[in-house]
Amino acid sequence: MKIKHIVSTLFLALIALKGNAQTANQNKADKDYTQYAYIDAIGTYEKVAEKGYKDETMFQRLGNAYYFNGELMKAAKWYEALFEMNAEQEPEYYYRYAQTLKANGDYAKADKILEAFNKKTATDKRGILFENNKNYLEQIKANSGRFEIVNAGINSKQTDYGSAYYNNKIVFASARDTGGVVRKTFKWTNKAFTNLYSAELKADGTLGEPERFEKKINSKFNESTPVFTKDGKTMYFTRNNYLKGKRGRDDQKITLLKLYRAEFVNDKWTNITELPFNSDQYSTAHPALSNDEKKLYFASDMPGTLGQSDLYSVTINDDKSFGKPENLGPAINTEGRETFPFIAADNQLYFASDGRPGLGGLDVFVTTIKSDNTFTAVQNVGAPVNSKQDDFAFIINSESSKGFFSSNREGGIGNDDIYKLTETRKLLCEQKLKATIVDLETSKVLENAKVTLLDEQFKVIAEAVSQADGTYTFNVECNKKYYVRAAKEDFETKEVPVTIIGEEGETSVVVALEKRIKPIGVGTDLAKTLNIPIIYFDLDKSFIRKDAAFELEKILAVMKQYPKMKIDVRSHTDSRQTAEYNIALSNRRAKATIQWLTKNGIASNRLTGKGYGESQLLNKCSDGVSCTEAEHQLNRRSEFIIVSIE
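Attention here is on the structure that accompanies the text. (Residues numbered from 1 in each chain as written. Predicted model: local features only at pLDDT ≥ 70, side-chain atom pairs only at ≥ 80, totals over all residues. Heavy atoms only, no water.)

### What to know about the nonpolar core
- Ranked by size, the top nonpolar core spans 25 residues in total, and within it L526, I555, M565, I567 and F640 carry the most contacts.
- Counting only elements with at least two residues in this core, the list comes to helix 8 (526-529), helix 9 (549-561), strand 34 (566-572), helix 10 (579-599) and strand 36 (637-644).
- If one sorts the elements of this core by residue count, helix 9 sits on top with six residues.
- If we skip the residues at most four places from it in the chain, M565 touches I520, L526, V558, M559, R606, I642, S644 and I645.
- Of all hydrophobic cores here, the second largest spans 24 residues; its members include F172, Y197, V366 and F405. (Core = buried A, V, L, I, M, F, W, Y, C linked by side-chain atoms within 4.5 Å. Buried < 20%, exposed > 50% of the residue type's maximum accessible area, 1.4 Å probe, protein only. Helix = DSSP H or I, 4+ residues; strand = E, 2+ residues; numbered from the N terminus. Contact = heavy atoms within 4.5 Å.)

### Some details on the pairing of strand 16 (residues 295-300)
- Within strand 16, five of the six residues are buried, leaving the element largely enclosed by the surrounding structure.
- Taking the residues that link successive antiparallel strands as the turn, the strand 15 (residues 284-289)-strand 16 hairpin has five residues, and the phi of E293 there is positive, at about 60°.
- Relative to strand 17 (residues 310-315), strand 16 runs antiparallel, the two being bridged by six bridges. Along strand 17, the bridge assignment pairs Y297 with S313. (Pairing = 2+ DSSP bridges.)

### Looking at helix 9
- Spanning 13 residues, helix 9 covers 18 Å between terminal C-alpha atoms, matching the ideal 18 Å at 1.5 Å per step.
- Most of helix 9 is tucked away, with 11 of its 13 residues classed as buried.
- The set of residues buried in helix 9 consists of A549, F550, E551, L552, E553, K554, I555, L556, A557, V558 and M559. (Expected span 1.5 Å × (residues − 1).)

### Considering the packing of helix 9 against helix 10
- Axis separation between helix 9 and helix 10 bottoms out at 11 Å; the angle between their running directions is 65°. Judged by the sense of rotation from one axis to the other, the crossing of helix 9 with helix 10 is right-handed. Only T593, W596 and L597 of helix 10 make contact with helix 9, whose side of the interface consists of A549, L552, E553, I555 and L556.
- For the contact of helix 9 with helix 10, a count of residues per class yields six nonpolar, one polar and one charged. (Axes fitted to C-alpha atoms, helices over the stretch in contact; angles between N-to-C directions. Left-handed = near helix turned anticlockwise from the far one by under 90°. Nonpolar A, V, L, I, M, F, W, Y, C, P; charged D, E, K, R; others polar.)

### Focus: the sheet that holds strand 21 (residues 363-368)
- Read from one edge to the other, the open sheet built from four strands follows the order 19-20-21-22, with strand pairing classed as antiparallel. Taken across any chain shown, the strands that pair with only one partner, and hence form the sheet edges, are strand 19 (338-343) and strand 22 (379-380).

### Some thoughts on the sheet that holds strand 28 (residues 460-465)
- Read across the sheet, four strands follow the order 28-27-30-31 without closing on themselves; strand pairing throughout is antiparallel. Strands with a single pairing partner mark the edges of an open sheet, and in this sheet they are strand 28 and strand 31 (494-499). This sheet shows a mean twist of 20° between the axes of neighbouring strands, independent of strand direction.
- Pairing between strand 27 (residues 450-454) and strand 30 (residues 481-487): five bridges, direction antiparallel. Bridge assignment links L453 to a residue of strand 30, and that residue is V484.

### Describing the pattern of salt bridges
- Following the criterion strictly, the structure yields 16 salt bridges and no others.
- The partner of R176 in a salt bridge is D160, with the nearest N and O atoms 2.6 Å apart. In this pair, R176 is assigned in the loop between strand 4 (169-174) and strand 5 (185-186) and D160 in strand 3 (residues 160-166), connecting sequence segments 16 residues apart. Like R176, the residue D160 is buried in the burial classification.
- With a closest N to O distance of 3.2 Å, E629 and R576 form a salt bridge. Of the two residues, E629 sits in helix 11 (residues 629-635) while R576 sits in the loop between strand 34 and helix 10, which places them 53 residues apart along the sequence.
- Three or more residues joined by partner-sharing salt bridges are found here, namely R146, E423 and K426. (Salt bridge = Lys/Arg side-chain N within 4 Å of Asp/Glu carboxyl O.)

### Let's talk about the state of the cysteines
- Taken as a whole and assessed by the stated rule, the structure comprises one disulfide.
- Paired through a disulfide, C621 and C627 show a sulfur-sulfur distance of 2.1 Å. Its S-S torsion of about -105° marks the bond between C621 and C627 as left-handed, since a negative value means left-handed.
- Judged by relative accessible area, which is 0%, C621 ranks as buried. (Disulfide = S-S within 2.5 Å.)

### Things to note about the side chain of N218
- Relative to the helices and strands, N218 is located in the loop between strand 8 (211-212) and strand 9 (223-228).
- A distance of 3.5 Å separates the side chain of N218 from the backbone oxygen of F213, its partner in a polar contact. (Polar contact = N/O pair within 3.5 Å; in protein donor to acceptor, adjacent residues only side chain to side chain.)

### Some thoughts on the packing of aromatic side chains
- With the rule as written, the count across this model stands at 27 aromatic pairs.
- Taking the centre distance of 6.0 Å and the plane angle of 20° together, the rings of F59 and W78 count as stacked. With F59 in helix 2 (residues 56-68) and W78 in helix 3 (residues 72-85), this pair connects stretches of sequence that are 19 residues apart.
- Residue class for F59 comes out buried when judged on its relative accessible area of 4%.
- Between F147 and F394 the ring centres are 5.8 Å apart and the planes differ by 80°, which places this aromatic pair in the edge-to-face class. Pair noted here: F147 is in strand 2 (residues 147-151) and F394 is in strand 23 (residues 391-397), with a separation of 247 residues, a long-range link.
- Judged by its relative accessible area of 2%, F394 is buried.
- When the ring centre of Y419 is taken as reference, the NZ or CZ atom of R409 above it lies at 5.4 Å. (Phe/Tyr/Trp six-rings, centres within 6.5 Å; stacked < 30°, edge-to-face > 60°. Lys NZ or Arg CZ within 6 Å of the ring centre and 35° of its normal.)

Below, the structure written as structure tokens:
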């Protein structure tokens, strides 16, 4: 058992990772909307739905239409109808439905839907991350090959890990047995405790012979992972719960980990004090300093931790007191373990985690701390820093691009070894995502359209308004999936997915918006305007199917809205069967359609109709020509031509 794995004992670790995750699958139903002549899509569908007709696509689109417009309480009604009709939906519908239930105050039911969502995806963020990064090996491969690594040359046959810069030295933890010193071991593992050692960092990059660090810092228990202020006068380090000869224990009689501070006075490290947010009941470990040295980052399993151990930050006040520790949140932490933070001069936060997609064991990840204290997307730093084993305690000098990390990979000397690294290529990969908003019918650009950039989980990243040329450009990250949503008055809201490739450049996407209201007039075919399927009769039949009546309800709604509108119903068949048979069949179909409309309240003098059989084919599929079923279907259609509207 490696020292770093024993989180709830005397050892210093707090490190280990778990699986991954998954994210919501793309739902196409909420991207395509049926449009209606002079009729708001929502209004028309609701009129049809109020008739008692149940159609899965209709409920999806009604729910989505409200959801995208932020009317969650109204969306809940239609998502509920959707799930009553068919509980087996795409995972994203489970999530949206739960959100709308919460908007209605029905948290109990929302929790049930979220449980179902998690069963379909994953039960925690690790599962979500995995599902959301099924191509994680490809992403890691793209990030790999950026470092040259070599054994640091200071390792022993015991455990060596967790290095830190201190003046012209490297300070690290080691369980090596120095001559003349009584070997102290932990009886549970029979491994030596770790003390701090230092080694000179020479001009050629090699390290001198390790020496035991300040006697007052090292105790009979574990010390590790120090960090030093730039002036070299203050250090923070990890030690078992032991100070001034007194050993602390939790309720289970276990000695956990604590953070300590020491000061360099008169050429000696002294004034060792434990930090005020420590506790006998949980561990705190592995400190790191922000560049302005006003924040201390560390790992802990204190109450409020999202996983087995999380990363926290705490403000260091001018009087050397501390604020309240703050969890870095789910952008960083998972249900697994996040540990060993380090902040480079370019404000990149490196840490080890077992809660994210990796190559095995602990992997090193990186994110940038932005000016508002949020984080860019977390990325795996790739091989060769990461391996199939545990890789952690990454530090780097941003100016020289040289640093160190620890690993228990095969080929090492001891249990954990320290490796030198040289970064040969930066990880950061950004692109420009240019979104162009156009009118679907005319292809003209649409200015002043609201453009929203969303991540894979439909969380809003940025919002803007399209410029005079209909465009807006977002800064995005490589190897990420986004959604671009566009909305404009009198147009249907639409969102499209876009995946950014793993190289710098520009990606363009066109979002074509369809008008919510379509003009109609004499000669308009309502079947096309209302997007009515070409087939609502069974093959060789002239009676209207029950499910097809749903389509005729759309025609009915329009004719009732325009009481003086007159329609000519034109029925067409394909070329199969004889011409005489097809004329008779199409006449029967036209007659059946007119009868359905009159039965449902449309005066007979507003309707005419005729069957055209196979006389007006739309393609080559005449008698004797070999055609696919899809090609024949194009010819089996009904038209609803407006002959007058006033």
